[in-house]
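# Reading the structure
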Amino acid sequence: MFEKLGGRQAIMVTALMAGLVVLSGCESQADTQDGADQGPPPPEVSVAQVLVEDVELWDAFTGRIEAVETVDLRPRVSGYIDSIHYTEGQDVEKGDVLFTIDPRPYRAELARAEAALQRARAGAELARSEAARAEALAQSRSISREELDQRRAAAATAEADILAAQASADTARLNMAFTEVRAPIAGRTGRALVTPGNLVSEATPLTRIVALDRVHVHFHSDEQAYLRYEAMSRNGERENLRGASFPVRVGLANDVGYPYLGEVDFVDNRLDAEAGTILARAVLDNSEGRFAPGMYARVQLLAGSADDSLLIDDKAVLTDQDRKYVYVVDAEGRAMRRDVQLGRMIDGLRVVTEGLEPTDQVVVSGAQRIFFPGMQVAAQSVDMRGADVTAGEYAAMR
């Protein structure tokens, strides 16, 4: 190309290209410097104002659901099982016939006892007549005093024979009735432990029945909690745990929070020396059939109350070795670190005993984007309780 152009033209083209290169380099440096001055935007975080509420303090324990009444059904007479009258797992009422033992031997024994009773009554009637005749003859001294005493004794013996025969007949009648094994309580049956044709005795278990209209929750309180309750009772801060019905809240393994209410109805009279715990029991309504014996239960026992407590979402709490802290956003939009002292969980929120003020805006989401205290952030306000789905669901459930 330069051969086709003249010398002066070639020099002009070369100078023009060099100018373009220099201009392009200057523009690139300017773009780079502008980008460095601008920097990345501040990270977005969610903040919520500290909640100030009067709260109830609950101590948490674990326990098991137990039946209020449990009966291991056994026969009262021995014999062969004739028939079974219920379906395993069926709910039955008190007095329902569940098993029948072959009644024929007991029917025969009842007939024999009733015949013996009739014989005793006839003998007593004769003895009474003879005693009455002896009394009349004794007035005219026609019989001896000895014979009169014998007639009187025979009449008394005959009356006693009636009582013995009556007792035997009553026993036979009871044994006859006991061939029908009835439910002693209303509840739910277990599996049948025998089948028709098996010989059973008074020691043979037939099935188990549990009453389910109410259930017990057995749980163990640690010794420190027990001592705290006793001290509060002595100081007049609460009633004695043994003398009053204290409320409890119960949740099953798949429940959010503690939706079921009950009350303590028993506290054991001694502590377990090995475990350092004391057994307590609460009673729950089970009219809906929600609870079954053996279920795991989470239990909360009312321990007291606290006014004007500061509450935050537990997800806002961070850990630095052995210290707990949160980030709060000040008026200039800077995230500042605050070391805090924490209390117990209340309805899904954490109590803060030290380190925060009621007006503080706490970072509840996005704290991982804050690399150092004092960093500028873009804060978006949310509700403290609504920031935690679990707490919100629990609040709606209450």
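## Concerning the environment of P184
Secondary-structure assignment places P184 in the loop between strand 7 (180-182) and strand 8 (187-189). For P184, a relative accessible area of 34% puts it in the partly exposed group. In the structure, P184 is positioned 113 residues away from V71 in sequence and 7.8 Å away in space, judged by C-alpha atoms. Beyond its immediate stretch of four places on either side in the chain, P184 contacts V71, L73, K94 and I209.

## Description of the pattern of salt bridges
Where charged atoms of side chains with opposite charge meet at close range, the side chains can pair. The tally for this structure, following the rule as stated, stands at 25 salt bridges. For the salt bridge of E332 with R334, the shortest nitrogen-to-oxygen distance reads 3.6 Å.

## Topic: helix 4 (residues 223-234)
Taking 1.5 Å per residue, 12 residues should reach 16 Å; helix 4 reaches 17 Å between its end C-alpha atoms and fits that length. Regarding helix 4, the residues found buried are A225, Y226, Y229, E230, M232 and S233. Taken down its axis, helix 4 places every buried residue within 160° of arc, on the same side. Across from the buried face of helix 4, at angles greater than 90 degrees, the exposed residues are Q224 and R234. Elements in contact with the buried residues of helix 4: strand 2 (51-67), strand 11 (214-222), strand 14 (277-285) and strand 15 (296-313). Sitting at the head of helix 4, D222 places a side-chain oxygen 3.2 Å from the backbone nitrogen of Q224. Positive backbone phi, at 80°, marks G236, one or two positions downstream of helix 4.

## Describing the pairing of strand 4 (residues 79-84)
When strand 4 meets strand 9 (residues 199-200), the two strands line up antiparallel, connected through 2 bridges. Looking across to strand 9, one finds that Y80 is bridged to L199. As paired elements, strand 4 and strand 6 (residues 97-101) share 3 bridges and run antiparallel to each other. Across the sheet, the residue bridging to I84 is F99, located in strand 6.

## Topic: the nonpolar core
Nonpolar side chains tend toward joint burial in soluble globular proteins. Ranked by internal contacts, the top residues of the largest apolar core, which has 32 residues, are I81, L98, F99 and L206. If you list the elements that add at least two residues to this core, you get strand 6, helix 2 (104-139) and helix 3 (145-178). If near-sequence neighbours (up to four positions away) are discounted, L98 is found in contact with L73, S83, I84, H85, Y86, V92, V181, R182, A183, T189 and I209. Of all hydrophobic cores here, the second largest spans 27 residues; its members include V210, V215, V264 and F291.

## Focus: the side chain of D255
Mapped onto the fold, D255 is located in the loop between strand 12 (247-252) and strand 13 (260-267). No salt bridge forms around the buried D255; measuring N to O, its nearest opposite-charge neighbour R298 is 5.4 Å away. Of note is the side chain of D255, whose polar atom sits 2.8 Å from the backbone nitrogen of L252. A distance of 3.2 Å separates a polar atom in the side chain of D255 from a polar atom in the side chain of Y260.

## A closer look at the sheet that holds strand 5 (residues 91-92)
Taken together, the 4 strands give an open sheet; going across it, the order is 3-10-8-5, and neighbouring strands pair in antiparallel fashion. Bordering the open sheet on either side are strand 3 (70-73) and strand 5, each of which pairs with just one other strand. With 2 bridges connecting them, strand 8 and strand 10 (residues 207-210) associate as antiparallel partners. Counted as the bridge partner of R188 is V210 from strand 10.

## Brief notes about the packing of aromatic side chains
Under the defined criterion, the tally for this structure stands at 4 aromatic pairs. Look at Y86 and F99: their rings are 5.6 Å apart centre to centre, the planes differ by 70°, and that puts the pair in the edge-to-face class. Of the two residues, Y86 is situated in the loop between strand 4 and strand 5 and F99 in strand 6; the sequence distance between them amounts to 13 residues. When sorted by exposure, Y86 lands in the same class as F99, which is buried. Ring centres 5.8 Å apart and planes at 90° place the aromatic pair Y325 and Y327 in the edge-to-face group. Of the two residues examined, Y325 and Y327, each falls in the buried class.

Cut-offs used in this document
Residues numbered from 1 in each chain as written. Predicted model: local features only at pLDDT ≥ 70, side-chain atom pairs only at ≥ 80, totals over all residues. Heavy atoms only, no water. Helix = DSSP H or I, 4+ residues; strand = E, 2+ residues; numbered from the N terminus. Buried < 20%, exposed > 50% of the residue type's maximum accessible area, 1.4 Å probe, protein only. Contact = heavy atoms within 4.5 Å. Salt bridge = Lys/Arg side-chain N within 4 Å of Asp/Glu carboxyl O. Expected span 1.5 Å × (residues − 1). Arc of directions from axis to C-beta. Polar contact = N/O pair within 3.5 Å; in protein donor to acceptor, adjacent residues only side chain to side chain. Pairing = 2+ DSSP bridges. Core = buried A, V, L, I, M, F, W, Y, C linked by side-chain atoms within 4.5 Å. Lys, Arg positive; Asp, Glu negative; His and termini not counted. Phe/Tyr/Trp six-rings, centres within 6.5 Å; stacked < 30°, edge-to-face > 60°.

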